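The lines below spell out each chain.
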Protein chains: 2
Amino acid sequence: MNPTLAIHGGAGTMPPGSMDPAAYRAGLHRALMAGHKILAADGPAIEAVTAAVVALEDDPLFNAGRGAVFTRDGQHEMDAAVMDGATLGIGAVAGICGPRNPVLAARATMEHSPHVLLVGLGALDFLRAHGVAFAEPGYFDTPGRREALRTMLAAEASFSADLDDADRHGTVGAVALDRFGNLAAATSTGGMTGKLPGRVGDTPLAGAGTWADAACALSATGHGESFIRIAAGHELSARMRLAHEDLDTAAAAVMAALAAVGGTGGFVAIDRTGRVSLPFNTRGMYRGFVHADGAAWTGIYQEAMQAWS
Amino acid sequence: MNPTLAIHGGAGTMPPGSMDPAAYRAGLHRALMAGHKILAADGPAIEAVTAAVVALEDDPLFNAGRGAVFTRDGQHEMDAAVMDGATLGIGAVAGICGPRNPVLAARATMEHSPHVLLVGLGALDFLRAHGVAFAEPGYFDTPGRREALRTMLAAEASFSADLDDADRHGTVGAVALDRFGNLAAATSTGGMTGKLPGRVGDTPLAGAGTWADAACALSATGHGESFIRIAAGHELSARMRLAHEDLDTAAAAVMAALAAVGGTGGFVAIDRTGRVSLPFNTRGMYRGFVHADGAAWTGIYQEAMQAWS
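Basis of the calculations
- Residues numbered from 1 in each chain as written.
- Chains lettered and ligands numbered in written order.
- Predicted model: local features only at pLDDT ≥ 70, side-chain atom pairs only at ≥ 80, totals over all residues.
- Heavy atoms only, no water.
- Helix = DSSP H or I, 4+ residues; strand = E, 2+ residues; numbered from the N terminus.
- Rg over C-alpha atoms; globule rule 2.2 N^0.38 Å.
- Contact = heavy atoms within 4.5 Å.
- Areas by Shrake-Rupley, 256 points an atom, 1.4 Å probe, with all protein chains shown as cover.
- Lys, Arg positive; Asp, Glu negative; His and termini not counted.
- Charge placed at Lys NZ, Arg CZ, Asp CG, Glu CD.
- pLDDT = per-residue confidence, 0-100.
- Buried < 20%, exposed > 50% of the residue type's maximum accessible area, 1.4 Å probe, protein only.
- Pairing = 2+ DSSP bridges.
- Axes fitted to C-alpha atoms, helices over the stretch in contact; angles between N-to-C directions.
- Buried area = accessible area lost by both parts, 1.4 Å probe.
- Salt bridge = Lys/Arg side-chain N within 4 Å of Asp/Glu carboxyl O.
- Polar contact = N/O pair within 3.5 Å; in protein donor to acceptor, adjacent residues only side chain to side chain.
- Least-squares fit on C-alpha atoms with pLDDT ≥ 70 in both.
- Phe/Tyr/Trp six-rings, centres within 6.5 Å; stacked < 30°, edge-to-face > 60°.
- Parallel < 35°, antiparallel > 145°, perpendicular 65-115°, else oblique.
- Left-handed = near helix turned anticlockwise from the far one by under 90°.
- Nonpolar A, V, L, I, M, F, W, Y, C, P; charged D, E, K, R; others polar.

### Description of the overall build of chain A
Move 1: The helix and strand tally for chain A stands at 10 helices and 13 strands.
Move 2: Computed over C-alpha atoms, the radius of gyration of chain A comes to 17 Å, within 12% of the 19 Å expected from 2.2 N^0.38 for 309 residues, which places it in the range of a compact globule.
Move 3: Dimensions of chain A, computed from the C-alpha atoms along their principal axes, are close to 50 × 45 × 35 Å.
Move 4: Counting only contacts in chain A whose residues sit at least 6 apart along the sequence, the fraction spanning at least 24 positions is 68%.
Move 5: About 10,200 Å² of surface is accessible on chain A, with carbon and sulfur atoms providing 55% of the total.
Move 6: Taking the average place of the 22 positive charges on the side chains of chain A and the average place of its 31 negative ones, the gap between the two points comes to 1 Å.

Listed below in C-alpha cells is the structure:
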C-alpha cells in the first residue's frame, strides 16, 4: 500500500492581484502535513482526511470554518461531510453555524447518530448534546469576507467582475488511502457569498461532492448544483467499478459530464493504488498531495500541473 | 413510446389488522389516474409524476403532505424532490412545514431558483416569495399520526412491536415515461415518527431516493440512510448506462446492495421502453402502475407480485 493524501482549497478564476500565492501554498502544506502525520503513523484514512480538513477550516484564507463567507443576510451557513470507504459510513451537516470545525460535526453525526445528514437547529441540538466543540461568537467572521458581501450587495449586477470566485464559493476537501487499503473523503464549505439562506450545495451530499467506497474517494469544489446533477462522486466510482475505467479516464469522463451541464469547478480523487487525479476546468484550483515518504506538492494554476503529471 | 406511470406509497411490515387494504388501493388508484390523465394527453413525465405525488400527499393515509408523521417534538418536517430526466433539472426541499404540497415546493425550487436543494426557514421564505400555496395551521395533523407519536414516546423500547413501519416512516413517489421518451421522478415524505429534528433522509437527495436521467427513473422508500449509502438511484442508472444491464437486472443489483448494508425498503423504477420494476425486501410496499391504455394495477403484499410479473 502507498498511503497518500490529496486536498483542495477551492477552484475559481483567482485573479492574480487578489491573493498571495505563497500564503495559500503554505496553508495547503500545513493541511497536507496534518493528514500525512496520521497516515505515516499507520492511522486510518478517515482520520487523515478529517485532520487535513480541520487544518483548512482553521485557516481563514479558505472558505470553510473560520473565514467562511456570509449569506445574503449576513449569517454563516456551513456544510460538511465525511465518508469512510471501508464501511460506507457517512456523516454530514448542512446549514449550521456553531461548531468550530464543521467537519468534526459531520464526524459526530456519522459516529453518534443513526442518521447520515442533519440540518439546521436540529443538527445543532444534536451536536451540542454530543460534546462537539462550539466556537465563540464572531469566531468565523473575517473582515475580508464581510467586505466581499458588502461589495457583492453593493454592485450585484457586476459582482463577478472583481471578486475571486474561488473565494466567493470555495470549498475545502481531502481524500486519502491508508496503509490498510481503505479510502475516505471529507469536504467542508462556507457556501457562497450572498447565497440564498437555506441553500444546500453538493458538499454534504454523498454521491455528489463527497464520496468514498472500495474503488475511489472524491471531494469536489465549484458550482455545487452541477455536481449534484451529474452525481459526480458516485459517477466516478461507478465508472471504475462498472465500466472498469482507470482513475484518470473516469475523472475525465466526470469532467466532461460537468462541462455538459455547464458546470465549473474541479475535484481531488484517489484510487486504491494511491494514484491521485486533480482535474478542474477553472483557471485554478488550490490543491496538493503528499505521498507515503512525505514528499508533498502544491499547486494553484493550470500551468503548474506539468510539474507532477 | 409507451407512456407509463408507476407509484409507491411506502414499504414496511404492514400488520394486517393495522390498515384497510381497500382504502390504500383506492388511494393508489386515484394517484395513478391523476398522473395517467396527463400522460394520456401527451403531457410531460415531470407533470405526471408531480400530479401523482400531489394526489398521494393530499391523501391522509400516506405519510407525505396531509397525514405526515410527527417528529419527536411534535412538529412536521417534510422533504420532497423532483428530477426531470430530460434536462437533469432537480428541485428539492427538506425540513419544511408550510407548503400544502411539498412536491410543488420542490418543483418551484427547480423552476424558480438557481439551486437544487433548499432547507428550513430559508426555503420557506423563498417558497412564499414565489407564490407556492401554504396550508392553514393544523392542515397536516391527523389524529392517527398524533396517536402514533404518543404510542412511540410512551413505549419507546417496544415501539416497533405494534406500529406499522410503512406508516411510521413511509414515503410516496412516482416515476414516469412520457410520449416523447422523457423520464421523470418525484418523491415526498413526512419523515419518520419521532425522528430527531433536522434529520434529512434519502427522499430529497438526488442520486439516493430520487433520480431520473435518459436511462431510467427511480423513487425509493424505506430506511433512507441505507439508500444514501448505496446511492441507490444513481447506481441503478450507472448499471444500465455503464454495465449495460437491463432494468430488472440493475434493480436486483441495487436491492442486493441495499441488503448488504442492512437496509430495508424498496423502490419503483422505469426505463425508456416503459418497463417498470417495483422491488422491495419488506413484507409489503404500497404500489401500482398504469400503462398508456389506462390499464392500472395496484398491490400491497409480496404475494400479489405474481399477478403482474
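### So, the confidence of the model for chain A
For residues with low pLDDT, the predicted coordinates do not support detailed interpretation.
Move 1: Here chain A shows a mean pLDDT of 92. Residues at 70 or above account for 93%.
Move 2: In the predicted assembly, ipTM is 0.93 and pTM is 0.94.

### Thoughts on helix H4 (residues 120–129) of chain A
All names here are of chain A.
Move 1: Residues of H4 that are buried: Gly-122, Ala-123, Leu-124, Phe-126 and Leu-127.
Move 2: Buried-residue contacts for H4 involve strand E3 (89–96), helix H3 (102–112) and strand E4 (117–119).
Move 3: In the segment just after H4, Gly-131 is the residue with positive phi, at about 75°.

### Notes on the sheet that holds strand E6 (residues 183–189) of chain B
Move 1: Pairing is mixed across the open sheet formed by 9 strands, whose spatial order is E7(A)-E4(B)-E3(B)-E2(B)-E6(B)-E5(B)-E1(B)-E12(B)-E13(B). Among the strands making up the open sheet, the edge pair consists of strand E7 (199–200) of chain A together with strand E13 (296–301) of chain B.
Move 2: For E7 of chain A and strand E4 (residues 117–119) of chain B, the ladder comprises 2 bridges, and the chain directions are antiparallel. Among the inter-strand pairings, Val-200 of chain A is bridged to a residue of E4 of chain B, identified as Leu-117 of chain B.
Move 3: Helix H3 (residues 102–112) of chain B rests against strand E2 (78–84), strand E3 (89–96), E4 and E6 of chain B of the sheet, and its axis sits at about 130° to E3 of chain B.
Move 4: On top of the sheet, helix H4 (residues 120–129) of chain B reaches E3 and E4 of chain B; it is set at about 120° to E3 of chain B, its chief contact.

### Notes on the interface of chain A and chain B
Move 1: At the junction of the two partners, chain A supplies 36 residues and chain B supplies 36 residues.
Move 2: Carbon and sulfur atoms supply 68% of the area that chain A and chain B bury against each other, a total of about 3,000 Å² over both sides.
Move 3: When the buried area of chain A at its contact with chain B is split by residue, His-115, Arg-229 and Leu-242 of chain A rank highest and sum to 20% of it.
Move 4: Between Arg-241 of chain B and Glu-235 of chain A there is a salt bridge; the shortest N-O distance is 2.7 Å.
Move 5: At the junction of chain A and chain B, the tally comes to 15 residue pairs in polar contact (both at pLDDT 80 or more).

### Notes on the relation of the copies chain A and chain B
Move 1: In screw terms, the move from chain A to chain B is a rotation of 180° and a rise of 0.0 Å along the axis, fitting with an RMSD of 0.0 Å. Interpreted geometrically, this transformation is the action of a two-fold axis.
Move 2: Of the interface residues in chain A, 100% have counterparts in chain B that sit at the interface too, so the contact is made through matching surfaces.

### Focus: the sheet that holds strand E10 (residues 265–271) of chain A
All names here are of chain A.
Move 1: With respect to topology, 4 strands assemble into an open sheet ordered E8-E9-E10-E11, the strand pairing being antiparallel. Each of the sheet's edge strands pairs with one partner strand only, and the pair in question is strand E8 (210–212) and strand E11 (276–277).
Move 2: Relative to E11, E10 runs antiparallel, the two being bridged by 2 bridges. Bridge pairing in E11 links Ala-269 to Ser-277.
Move 3: Along the sheet face, helix H9 (residues 232–242) touches E8, strand E9 (216–222) and E10 and points at about 145° away from the line of E9.

### Here we look at unusual backbone geometry
Leave glycine aside and you will find that most residues have negative phi; peptide bonds, for their part, are mostly trans.
Residues and elements named next belong to chain A.
Move 1: For Leu-88, which is not glycine, the phi torsion reads 60° and is therefore positive.
Move 2: Take Leu-88: it is sitting in the loop between strand E2 (78–84) and E3.
Move 3: Positioned with a positive phi, His-244 is a non-glycine residue whose angle comes to about 55°.
Move 4: Along the chain, His-244 falls in the loop between H9 and helix H10 (247–260).

### Topic: the side chain of Asn-101 of chain B
Residues and elements named next belong to chain B.
Move 1: The residue Asn-101 is located in the loop between E3 and H3 in this model.
Move 2: With a relative accessible area of 8%, Asn-101 lands in the buried category.
Move 3: At a separation of 3.0 Å, a polar atom in the side chain of Asn-101 contacts the side chain of Asp-58.
Move 4: Sequence-distant contacts of Asn-101, defined by excluding residues within four places in its chain, comprise Val-54, Glu-57 and Asp-58.

### Some thoughts on the packing of aromatic side chains
Move 1: One pass over the full model with this rule turns up 10 aromatic pairs over all chains.
Move 2: Between Tyr-24 of chain B and Tyr-286 of chain B, the ring centres sit 4.3 Å apart and the planes meet at 5°, which makes this aromatic pair stacked. A residue pair is termed long-range when its members are at least 10 positions apart, and Tyr-24 of chain B in helix H1 (residues 21–40) and Tyr-286 of chain B in strand E12 (residues 284–290) qualify at 262 residues.
Move 3: The class of Tyr-24 of chain B is buried, set by a relative accessible area of 6%.
Move 4: Measuring from ring centre to ring centre gives 5.2 Å for Tyr-139 of chain B and Phe-140 of chain B, while their planes differ by 75°; the resulting arrangement is edge-to-face.
Move 5: Assessed through its relative accessible area of 4%, Phe-140 of chain B is described here as buried.
Move 6: Grouped by ring-pair contacts, the aromatic residues Tyr-24, Phe-62 and Tyr-286 of chain A constitute a single cluster.

### Observations regarding the packing of H9 of chain A against H10 of chain A
All names here are of chain A.
Move 1: Where H9 contacts H10, the two axes come as close as 9 Å, and the packing angle between them is 140°. When the axis of H9 is compared with that of H10, the two are oblique. At the point where H9 passes H10, the crossing takes the right-handed sense. Between H9 and H10, the contacting residues are Ala-232, Glu-235, Leu-236, Arg-239 and Met-240 on the first element and Leu-247, Ala-250, Ala-251, Ala-253 and Val-254 on the second.
Move 2: Looking at the contact of H9 with H10 residue by residue, the classes come out as 8 nonpolar, no polar and 2 charged.

### Remarks on the side chain of Thr-142 of chain B
Move 1: Here Thr-142 of chain B lies in the loop between H4 and helix H5 (143–154).
Move 2: For Thr-142 of chain B, the residues in contact, after removing those within four places along its chain, are Pro-60, Gly-67 and Phe-70 of chain B.

### Looking at the environment of Leu-39 of chain B
Residues and elements named next belong to chain B.
Move 1: On the secondary structure map, Leu-39 appears in helix H1.
Move 2: Classification of Leu-39 as buried rests on a relative accessible area of 4%.
Move 3: Considering only alpha carbons, one finds Leu-39 and Gly-10, 29 residues apart in sequence, at a separation of 23 Å.
Move 4: Among all residues touching Leu-39, those that are not within four sequence positions of it are Pro-3, Thr-4, Leu-5, Ala-45, Ala-48, Ala-176, Leu-177 and Asp-178.

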